[in-house]
Amino acid sequence: MLSSRVTAAISSSTTTTFLFNNPKILSKKFPYISNPLNNSAKSIKWNCRNSRMEKSASSFVTKASAKPLTNPGELIDSVETFIFDCDGVIWKGDKLIDGVPETLDLLREKGKRLVFVTNNSTKSRKQYGKKFETLGLSVSEEEIFASSFAAAAYLKSIDFPKDKKVYVVGEEGILKELELAGIQHIGGPEDGDKKIELKPGYMMEQDKDVGAVVVGFDRYFNYHKIQYATLCIRENPGCLFIATNRDAVTHLTDAQEWAGGGSMVGAILGSTKREPLVVGKPSTFMMDYLANEFNIQKSQICMVGDRLDTDILFGQNGGCKTLLVLSGVTSLSMLQDPKNSIQPDFYANKISDFLSIKATAV
């Protein structure tokens, strides 16, 4: 973890630059982070079950059943910071969920710090800032943390070699964050039109300088990308397999659920037989960074999300209070299913349930 002295030195306008220019600060404070490219000629097999970066749902002891949020004022007063997921909590597709602006205004009026964390890697922090603005929400870039940023931040924190490249299976958000971090990259959307012509004797050749493959949500996913990523991971010594997230579904529109980034990750996991290192939720990497970034205790954070296996687990992994909203992926029946072992502290229909404290005051 960063020291309070270092944290205080980070101004809101130089947050990203500071992190990318001081990778040893993070790696020194995260003893479980190392750079296998510097130490090993063999491929590193990351095992998410043993990694401190990600914990499986089955590793948690079943908690008492979640309680409905009947006293939102009490929860608000008990924490300093609210971390919000975006898809299914703030918006669905490009449509804002009812009551969000008023709720965020209420929390800011009460002096609460608001942070927005998304596993969607298709946009950079700057691009997400524009989306918030388009939806009429005043959110600064420093309050936004996307998994595209987390992937670049992780690579920088392990001193990813300057002479190595990242092959990207994903969209523009990952490319932009890698550029800000000064990391060489290839692939991305430009490989979306590439096709493979199978003929006798044909072999695809991969760039031997690729030291990591980063996989995120990709609407231009194709067989060329699967094969190229597979070759890099299996044949390039020490090549890392990094996933921005393993979300099963996402909200591309407000009409239905769509296959999420986990489907792209799953395809490459299947061909490489390698478990990825996940840097997005529920990994503790982003939570540790956020706690240090804002110099706050994790017990003073409430994580608000619509997914049990990412958002709520993310909060529980970090020792935060958790609130599940039923405005996205998870329904009440899914929450109360006896087979579900992930129980948040509270649940509500949507974040605008916080507004009931205003009605009570009136």
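Residues numbered from 1 in each chain as written. Predicted model: local features only at pLDDT ≥ 70, side-chain atom pairs only at ≥ 80, totals over all residues. Heavy atoms only, no water.

K.L.:
What exactly am I supposed to notice about the packing of aromatic side chains here?
P.N.:
Think of a pair of aromatic rings as described by two things: how far the centres are apart, and how the planes are tilted against each other in angle. Overall, the coordinates contain 12 aromatic pairs when judged by the stated rule. Of the aromatic side chains, those joined through ring pairs into one cluster are Phe 82, Phe 84, Trp 91, Phe 116, Tyr 128, Phe 132 and Phe 354. A cation sits over an aromatic face here: Lys 123 above Tyr 128, 5.7 Å from the ring centre. The positively charged end of Arg 125 is found above the aromatic ring belonging to Phe 149, 4.3 Å away from the centroid. (Phe/Tyr/Trp six-rings, centres within 6.5 Å; stacked < 30°, edge-to-face > 60°. Lys NZ or Arg CZ within 6 Å of the ring centre and 35° of its normal.)

K.L.:
Help me understand the side chain of Thr 103 in this model?
P.N.:
Position of Thr 103 relative to the elements: it lies in helix H6 (residues 100-109). If sequence neighbours within four positions are ignored, Thr 103 has contacts with Ile 351, Ser 352, Phe 354 and Leu 355. (Helix = DSSP H or I, 4+ residues; strand = E, 2+ residues; numbered from the N terminus. Contact = heavy atoms within 4.5 Å.)

K.L.:
Explain the side chain of Ser 147 here, please?
P.N.:
By the secondary structure assignment, Ser 147 is in helix H8 (residues 147-157). Note on Ser 147: relative accessible area 0%, which makes it buried. Not counting residues within four places of it along the chain, the set of residues in contact with Ser 147 comprises Thr 118, Asn 119, Asn 120, Ser 121, Thr 244, Asn 245, Val 279 and Gly 280. (Buried < 20%, exposed > 50% of the residue type's maximum accessible area, 1.4 Å probe, protein only.)

K.L.:
How do you make sense of empty space enclosed by the protein when you look at a structure like this?
P.N.:
Picture a little ball the size of a water molecule; that probe, rolled over the atoms, points out where space is still empty. According to the stated counting rule, one finds 2 cavities of 30 Å³ or more in the structure shown. Asp 87, Asn 119, Asn 120, Asp 247 and Thr 250 are the residues nearest the centre of the largest cavity, which is lined by 16 residues in total. Going through the elements one at a time, strand S11 (249-250) and helix H13 (308-317) are the ones with two or more residues in the lining of the largest cavity. When the residues that make up the lining of the largest cavity are grouped by side-chain class, the tally is 2 nonpolar, 8 polar and 6 charged. (1 Å grid on protein atoms, 1.4 Å probe; cavity = no way out; pocket = protein on both sides within 12 Å on 5 of 7 lines; lining within 4 Å. Points joined across faces, edges and corners; volume = space filled by probe spheres on them. Nonpolar A, V, L, I, M, F, W, Y, C, P; charged D, E, K, R; others polar.)

Treat this as a map of the structure, not an account of what it does.
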